[in-house]
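Chain by chain, the residues run as shown.
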Amino acid sequence: MADLSEVRRAFLVRSSGIIQRLLPFTDYVQSATRRGGAIACINKCCFHADAHSWLLSNEVNILPYLLLPLAGPEELKDEEYDELPPDLQYLGSEKQREPDPDIRKMVLKTLSQLCATKGGRQFLRDNGTYYILRELHKWEKDPTCIIVCENLVDILIKKEEEIGYIDLNKVFFWRMT
């Protein structure tokens, strides 16, 4: 459904609240189908780079919902916790990552799409995304998820001067694995 541009545009109408109603399903324990469907819709919406600042704003607050399925029970340093969004701080030893590697890969690709713009990259850096990805990488066994995670981390750890583009969507070779 979200493959259709008209549907994606409807999801991104700010007054509709559709995208906000999808967010709780990114970590819906009772159904992998619902988790995958919600993340797939969000992923398609993130192809609209002009919506990134709104999606990352407090009005939608998409980042915690994308990072939560990737977060695990690991302890971080206090200064690392301080950078994370409040919903991701001190999750506890019972926290489990998304068990489905296809869903984890889709979340990683969604985060990668948010890195297409300079503002998105900086927002992810400023909100401790690297720490969640670092711990995920240590835990991850799926080879495709590992590659996508490494590619995403590579973008986040580079300085903007090294990237050289404000909008990676304008670069013809920009697509994550």
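Per chain, the residues get numbers from 1 upward, laid out in the order the sequence is written. Totals for whole chains, interfaces and linings use every residue, but because this is a predicted model, local features are given only for residues with pLDDT of at least 70 and side-chain atom pairs only at 80 or more, for both listing and counting. Values reported for side chains reflect all heavy atoms of the structure, with hydrogen atoms and water molecules removed beforehand.

By the criteria applied, helices consist of DSSP H or I runs no shorter than four residues and strands consist of E runs no shorter than two, each listed in order from the N terminus. Across its full length, the chain carries 11 helices and zero strands. Secondary structure of the chain in N-to-C order comes out as α-α-α-α-α-α-α-α-α-α-α. Per-residue burial over the chain gives 48% buried out of 177 residues. Note on contacts: a residue pair is in contact if any heavy atoms of the two residues lie within 4.5 Å. Residue pairs at least 24 apart in sequence account for 70% of intrachain contacts in the chain once pairs closer than 6 positions are excluded. Total accessible area on the chain stands at roughly 9,200 Å², and carbon and sulfur atoms take up 54% of it. For every residue, the accessible area (1.4 Å probe, protein chains only) is compared with the maximum for its type, and the residue is labelled buried under 20%, exposed over 50%, or partly exposed between those bounds. All accessibility values rest on the Shrake-Rupley procedure with a 1.4 Å probe; residue burial counts only the protein chains present in the view.

Our next topic: the environment of Leu133. Mapped onto the fold, Leu133 is located in helix H9 (residues 129–139). For the pair formed by Leu133 and Ala71, sequence separation is 62 residues and the distance between their alpha carbons is 8.0 Å. In this view, Leu133 contacts Leu70, Leu108, Cys149, Leu152, Val153 and Leu156; residues no more than four positions away in its chain are not counted.

What follows is about the nonpolar core. Most often, soluble globular proteins have nonpolar side chains that are buried together. Side-chain atoms within 4.5 Å are what join buried Ala, Val, Leu, Ile, Met, Phe, Trp, Tyr and Cys residues into a set we call a nonpolar core. By size, the foremost hydrophobic cluster in this structure holds 45 residues, and its most contacted members are Leu55, Ile62, Leu108, Leu111 and Leu133. Take this core: its biggest share by element is seven residues, from helix H10 (residues 143–157). When neighbours within four sequence positions are excluded, Leu111 is seen to be in contact with Leu63, Leu66, Leu67, Leu70, Leu124 and Leu152.

What follows is about the confidence of the model for the chain. One rule of thumb: low pLDDT means the predicted coordinates there are not for detailed reading. The predictor attaches a confidence to each residue, and that confidence, scored 0 to 100, is pLDDT. Across the chain, pLDDT averages 89, with 88% of residues at or above 70. Counting contacts from residues 171–177, a segment whose pLDDT is below 50, to residues more than four positions away or on other chains yields 20 contacts.

Here we take up the state of the cysteines. By disulfide we mean two sulfur atoms from cysteines, separated by a distance within 2.5 Å. Summed over the entire model, instances satisfying the criterion amount to zero disulfides. The thiol of Cys145 is not disulfide-bonded; the next cysteine sulfur, from Cys149, is found 8.5 Å away. The exposure class assigned to Cys145 is buried, which follows from its relative accessible area of 0%.

This next bit is on the pattern of salt bridges. When a carboxyl oxygen of Asp or Glu lies within 4 Å of a side-chain nitrogen of Lys or Arg, that pair is called a salt bridge. All chains considered together, the criterion is met by seven salt bridges. Linking Arg104 and Glu140 is a salt bridge whose minimum nitrogen-to-oxygen distance equals 2.6 Å. Here Glu140 lies in the loop between H9 and H10 and Arg104 lies in helix H7 (residues 101–114), a separation of 36 residues in the sequence. There is no split in this pair, since Arg104 and Glu140 are both buried.

Between 30 and 60 degrees the pair is tilted, below 30 it is stacked and above 60 it is edge-to-face, where a pair is any two Phe, Tyr or Trp rings, Trp via its six-membered ring, whose centres lie within 6.5 Å. Across all of its chains, the model carries three aromatic pairs by this definition. On the basis of an interplanar angle of 25° and a centroid distance of 4.0 Å, the ring pair of Tyr81 and Tyr90 is categorised as stacked. Exposure remark for Tyr90: the relative accessible area of 49% places this residue in the partly exposed category.

Quick look at the environment of Ala10 now. Along the chain, the position of Ala10 falls in helix H1 (residues 5–11). Once the C-alpha coordinates of Ala10 and Cys45 are considered, the two residues, 35 residues apart in sequence, prove to be 9.8 Å apart. Beyond its immediate sequence surroundings of up to four residues, Ala10 is in contact with Ser16 and Ile18.

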